[in-house]
Amino acid sequence: MAFLLPLSVIIPLGAAFLIPLAQLIRSKKGCPAGEVIALAATAALVVISLCGLATRRTVTTWIGGYEAKSELLGLTGTTLPHTSEGEADPARPRGVVIEQAVPGSAAAEAGLQEGDIITGWKLPSDKRFGPVWSMNELRRQNAALEPGSIMILQVERNGSTLEEAIKAGKSVAGIAMVGDGLTRLLLVIIGVVSFTAVLFSLSYMRTYTKLSLYYSPLMLMIAGMNGIVVSGDLFNIYVFLEVAAVSSYALVGFGVESEELEASFKYLVLSAVASAFILLGIGIVYSLRGTLNLAQIAEFTQFAKPNDAMWLALAFFVAGFGLKAAMVPFHAWLPDAHPSAPAPVSAMLSGLLIKASGVYVLARLVFNVMGVSTAVAYVLMTMGMLSMLVGVLLAVGQWDLKRLLAYHSISQMGYVVLALGVGVEVLAKQPASALGVPPVAALAIFAGLFHLLNHAMFKSLLFLCSGSVVHQTGTRNLKELGGLSQRMPLTCFFTRVASLSIAGVPPFNGFFSKLLIVIAVVWAGHWFLGGLTVLVSFLTLLSFIKVQRYVIQGELPAKFSRIKESPAPMLVAMGILAVMCIALGILLPLYGSGLLKPAADSLTQLAGYATSVFGG
Amino acid sequence: MLHAVLPFVLCLVLFIIGLYAISVKKNLIKVIVGVIIIHNSVNLFLVLIGYRVPATGSAIAPIITPQMGRDAMDVRELLSHSVDPVPQALVLTSIVIGLAVVALMVVMALRLHQKYGTFDLTEISKLKG
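These numbers come from a predicted model, not from an experiment.

Caption draft 1: Representation of the overall build of chain B within the structure. Counting its secondary structure elements, chain B contains four helices and zero strands. Starting at the N terminus, the α and β elements of chain B follow one another as α-α-α-α. Out of the 129 residues in chain B, the part that is buried amounts to 36%. Put simply, 58% of the contacts in chain B that link residues at least 6 apart link residues at least 24 apart. Summed over all atoms, the accessible surface of chain B reaches about 7400 Å², with 70% contributed by carbon and sulfur.

Following this line, the structure appears as structure tokens:
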């Protein structure tokens with residue numbers, strides 16, 4: 001199973017490079033070879049992601065070889081301040097002060113205690129002690145040793161000098177690709193939505209020119225998103241984030257009309273700032289922990305309390321990924337960028353990109369890597385609540401169909417972040433004990449991820465429906481549309497399904513996930529937030545009644561009396577998503593334990609992530 | 001102490017100058033320059049994280065030569081005197097990514113100039129935001 005993880009990145013990446021080549025060979029008009037390659041690649045991704053579901057345990061693939069290194073486990077410390085000076089002051093002791101030696105770890109076994117000063121180290125065969133300048137350096141010295149070998153530390157304790165032998169633990173070099181429950185859920189979502197988006201593009205994109213320039217960035221974006229989801233390494237997440245982001249800038253501006261270029265530029269600038277924040281956060285984490293591997297950072301989190309610098313890094317991450325996810329204080333770019341893209345790309349951006357590069361990474365970092373705390377929980381809950389409310393209030397007044405849908409993306413992602421925030425809060429207040437994870441937290445996280453899955457399906461469907469309407473009528477202004485159910489019955493049927501899903505009407509999938517979120521929020525004691533969630537749901541329904549009223553029902557304008565239903569590939573793509581919208585709700589008992597439960601478990605295990613990565 | 005902190009202060013100042021340019025300036029090109037300044041400040045920060053001052057001698061580049069493997073003392077000398085190579089690898093990658101982003105921004109700005117005939121952001125505002 002382990003080879004599936006790199007494959008899920010390599011296939012779209014290869015397709016992205018093959019498509020321009022295929023275009024060179026084929027005729028100038030259209031891009032049949034490119035279309036075939038894109039469709040085959042995304043179909044392969046669906047198959048791969050479904051195959052991945054066969055296993056339940058965490059799969060780790062090491063790129064660049066799994067090389068065990070030795071590691072000083074269970075030891076954290078700070079460097080004595082003299083080493084930041086250019087000149088060493090001989091009067092002051094030099095070395096590293098131990099902050100914590102975790103009980104049961106190699107450090108505690110060696111007899112190291114809090115407050116000890118490590119002043120030197122040597123191998124058993126050496127005569128003299130070498131100097132110790134910083135904790136990171138001590139780690140690196142240690143990393144050059146064989147795993148399991150002994151390192152002797154010179155320790156000052158209460159004025160006397162001692163020698164303690166510490167056994168080197170095992171660590172890893174190489175880049176990790178980690179597939180756990182959450183990764184598998186995201187891979188399935190990305191596979192299904194990108195397959196339908198490519199299928200939809202076959203007909204829809206015929207109105208554009210330079211199609212090889214369309215499919216290539218599209219594949220690159222899929223590769224980037226799959227890469228974010230499978231990397232177990234902080235810097236790799238950043239690189240794939242940028243791969244996905246750069247190709248999405250190009251796709252937003254694909255129409256090269258003035259509005260599209262303007263939206264793309266705005267998106268570019270804000271997203272570049274977000275990336276800078278994220279990279280700053282990564283730098284701080286590296287300087288504190290000396291590693292970029294998520295699982296290794298998580299190992300530290302198990303025993304080290306976050307210090308001020310770690311909080312700063314977390315703040316940078318929340319700002320950066322909040323911008324990428326378009327949470328409310330940072331949402332300004334989304335209502336411009338998402339509607340400006342061609343419809344299938346809008347579906348990918350709203351359905352996938354803000355989840356993979358925003359919410360997914362934020363959840364992974366907060367739950368598994370940096371550790372939960374009530375402060376983070378309140379930040380997440382506030383962001384979620386504001387996004388939910390502001391998004392829907394701005395959506396109600398919109399007359400541009402795609403812009404209305406884009407505001408609803410902000411609102412619906414607010415639900416997900418709110419649910420995850422409640423999960424963080426409960427886990428921070430009552431950590432998992434022998435009795436297991438607190439059921440409220442488990443439910444909140446399950447509900448949040450369920451809504452994430454559902455939102456991917458119905459929001460992509462809505463954007464595809466809007467694309468179908470625009471393709472046939474040439475306008476997306478609600479005031480100019482009307483009565484389309486007479487001429488485009490199937491598109492209108494799919495729009496109805498998606499609208500009812502997003503508004504949370506039973507028996508569609510949106511109802512179940514919103515119900516679970518409301519139950520979890522109220523169970524956690526937040527009556528006000530529960531009420532607000534229901535209110536936002538009503539406002540969503542109101543806004544989609546408006547869509548029904550002005551697009552599907554009403555008088556058919558005379559100029560649209562000759563329009564036809566959209567071509568078959570578009571209908572099939574929408575049909576797949578519409579079936580998903582109905583099936584995901586009703587069939588929850590069938591697939592919930594195989595798809596969503598493992599995903600929620602991989603978040604609720606918190607820093608146990610490290611154990612599952614190294615143990616699996 | 002001061003001269004160890006000053007480069008980090010420079011980073012912060014550059015970052016804030018970049019943010020200022022992005023949020024206040026009305027010229028597309030100045031906004032792009034702001035993004036470049038932000039990129040550079042973050043890259044500088046990463047390099048600074050990897051740099052360190054050994055107590056004896058001066059810092060050396062983290063290069064492993066073929067002769068080094070035979071003598072363990074050489075390796076230890078390298079480990080205790082070299083700067084951290086990982087942030088340098090990160091900076092290389094980040095510079096390449098920054099190049100791609102800035103190139104795309106410049107192309108967008110040129111296309112916008114073709115459409116509107118100006119780089120002034122107050123005149124490029126068909127979208128409501």
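The rest of the description comes next.
Caption draft 2: Quick look at unusual backbone geometry. All names here are of chain A. Cis geometry is adopted by the peptide bond preceding P507, which originates at P506 and carries an omega value of 5°. Structurally, P507 is set in the loop between α16 (489-503) and α17 (509-523). With a phi close to 40°, V256 is a non-glycine residue in the positive phi region. Inspection of the secondary structure puts V256 in the loop between α7 (234-252) and α8 (258-289). In this structure, A326 is a non-glycine residue whose phi angle is positive, near 55°.

Caption draft 3: The environment of F450 of chain A, seen in detail. All names here are of chain A. By secondary structure assignment, the location of F450 is in helix α15 (residues 439-473). F450 sits in the buried class, given a relative accessible area of 0%. Spatially, the C-alpha atoms of F450 and L588 are 9.4 Å apart, while their sequence positions differ by 138 residues. The contact partners of F450, leaving out residues within four places of it in the chain, are F512, S513, L516, L584, L588, Y591 and L596.

Caption draft 4: Structural detail: the interface of chain A and chain B. The partner chain B presents 45 residues to the 46 residues of chain A that form the contact. Across the contact surface, chain A and chain B share three residue pairs in polar contact (both at pLDDT 80 or more). Mapped by element, the contributors of at least two residues to the side of chain A that touches chain B are α4 (135-143), α7, α8 and α14 (401-429) of chain A. Here the element with the most residues in the side of chain A that touches chain B is α8 of chain A; it accounts for 20 residues. A class-by-class count of the residues in the side of chain A that touches chain B yields 27 nonpolar, eight polar and 11 charged.

Caption draft 5: The nonpolar core, seen in detail. All names here are of chain A. Counting residues in hydrophobic clusters, the biggest one holds 224 residues, and the most contacted among them are F265 and L453. With 20 residues, α15 is the largest single contributor of residues to this core. Among residues more than four places away in sequence, those in contact with L453 are L185, I189, L584, Y591, L595 and L596.

Caption draft 6: Region of interest: the environment of G181 of chain A. Residue and element names in this part refer to chain A. Of note, G181 is situated in helix α5 (residues 181-204). Looking at G181, the relative accessible area reads 7%, which means it is buried. A sequence separation of 422 residues divides G181 from L603, and the C-alpha atoms of the two residues are 8.7 Å apart. The residues touching G181, leaving out its near neighbours within four places in the chain, are P598, A599 and S602.

Caption draft 7: Spotlight on the packing of aromatic side chains. All names here are of chain A. In this structure the tally under the stated criterion is 15 aromatic pairs over all chains. Note on W399 and Y550: the rings are 5.0 Å apart at their centroids and 85° apart in plane angle, and the pair reads as edge-to-face. With W399 in the loop between α13 (374-396) and α14 and Y550 in helix α18 (residues 527-552), the pair connects residues that are 151 residues apart, well separated along the chain. Owing to a relative accessible area of 30%, W399 belongs among the partly exposed residues under this scheme.

Caption draft 8: Looking closely at empty space enclosed by the protein. All names here are of chain A. Applying the stated criterion across every chain yields a total of eight cavities of 30 Å³ or more. Lining the second largest cavity are L241, A245, Y267, S271, K324, W333, H338, L349, L353, I354 and S357. Broken down by element, the lining of the second largest cavity gets its largest block of residues, four residues, from helix α12 (residues 343-369).

Caption draft 9: Examining a nonpolar patch on the surface more closely. All names here are of chain B. Together, L2, V5, L6, V9, V13 and I17 line one region of the surface with nonpolar side chains, adding up to about 500 Å² of accessible area. Mapping V9 onto the fold places it in helix α1 (residues 2-24). Residue classification places V9 among the partly exposed residues on the basis of a relative accessible area of 38%.

Caption draft 10: Fine view of the pairing of strand β4 (residues 117-122) of chain A. Residue and element names in this part refer to chain A. Counting buried positions over the six residues of β4 gives six, a clear majority of the element. One ladder, built from five bridges, connects β4 with strand β6 (residues 150-157); its direction is antiparallel. Looking at β6, one finds that W121 is bridged to L153. In this sheet, strand β5 (residues 130-131) lies alongside β4 in antiparallel orientation, the contact comprising two bridges.

Caption draft 11: View of the confidence of the model for chain A. Looking at chain A as a whole, its pLDDT mean stands at 86, while 88% of the residues score no less than 70. Scored below 50 in pLDDT, residues 82-86 of chain A makes 17 contacts in the model with residues more than four places away or belonging to other chains.

Caption draft 12: Examining the side chain of T291 of chain A more closely. Residues and elements named next belong to chain A. Positionally, T291 belongs in the loop between α8 and α9 (294-303). From its side chain, T291 meets the backbone nitrogen of N293 in a polar contact 3.1 Å long. A polar contact is formed between the side chain of T291 and the side chain of Q296, at a distance of 3.0 Å.

Caption draft 13: Structural context of the packing of α15 of chain A against helix α20 (residues 588-604) of chain A. Residue and element names in this part refer to chain A. Where α15 contacts α20, the two axes come as close as 9 Å, and the packing angle between them is 115°. Handedness of the α15/α20 crossing: right-handed. Residues A442, I445, F446, L449, F450 and L453 of α15 pack against L588, Y591, G592, L595, L596, K597, A599, A600, L603 and T604 of α20. When its residues are assigned to classes, the contact of α15 with α20 shows 13 nonpolar, two polar and one charged.

Caption draft 14: Fine view of the confidence of the model for chain B. A residue-level look at chain B finds 85% of positions with pLDDT of 70 or above and a mean pLDDT of 85. The weakest mean pLDDT in chain B belongs to helix α3 (residues 72-81) of chain B at 65; the strongest belongs to helix α2 (residues 28-50) of chain B at 94.

Caption draft 15: Representation of the pattern of salt bridges. What the rule picks out here adds up to nine salt bridges over all chains. Each of K266, D336 and R403 of chain A takes part in a single network of salt bridges with overlapping partners.

Caption draft 16: Local environment of the state of the cysteines. All names here are of chain A. Applying the stated criterion across every chain yields a total of zero disulfides over all chains. Not part of a disulfide, C465 finds its nearest cysteine sulfur in C492, a span of 8.5 Å. Looking at the unpaired C581, the closest cysteine sulfur is the one in C465, lying at 9.1 Å. In this structure C581 comes out as buried when scored by relative accessible area, which is 0%.

Definitions and cut-offs
Residues numbered from 1 in each chain as written. Chains lettered and ligands numbered in written order. Predicted model: local features only at pLDDT ≥ 70, side-chain atom pairs only at ≥ 80, totals over all residues. Heavy atoms only, no water. Helix = DSSP H or I, 4+ residues; strand = E, 2+ residues; numbered from the N terminus. Buried < 20%, exposed > 50% of the residue type's maximum accessible area, 1.4 Å probe, protein only. Contact = heavy atoms within 4.5 Å. Areas by Shrake-Rupley, 256 points an atom, 1.4 Å probe, with all protein chains shown as cover. Polar contact = N/O pair within 3.5 Å; in protein donor to acceptor, adjacent residues only side chain to side chain. Nonpolar A, V, L, I, M, F, W, Y, C, P; charged D, E, K, R; others polar. Core = buried A, V, L, I, M, F, W, Y, C linked by side-chain atoms within 4.5 Å. Phe/Tyr/Trp six-rings, centres within 6.5 Å; stacked < 30°, edge-to-face > 60°. 1 Å grid on protein atoms, 1.4 Å probe; cavity = no way out; pocket = protein on both sides within 12 Å on 5 of 7 lines; lining within 4 Å. Points joined across faces, edges and corners; volume = space filled by probe spheres on them. Patch = residues over 30% accessible without salt bridge, like charges linked within 9 Å, V, L, I, M, F, W, Y side chains within 5 Å. Salt bridge = Lys/Arg side-chain N within 4 Å of Asp/Glu carboxyl O. Pairing = 2+ DSSP bridges. pLDDT = per-residue confidence, 0-100. Axes fitted to C-alpha atoms, helices over the stretch in contact; angles between N-to-C directions. Left-handed = near helix turned anticlockwise from the far one by under 90°. Disulfide = S-S within 2.5 Å.

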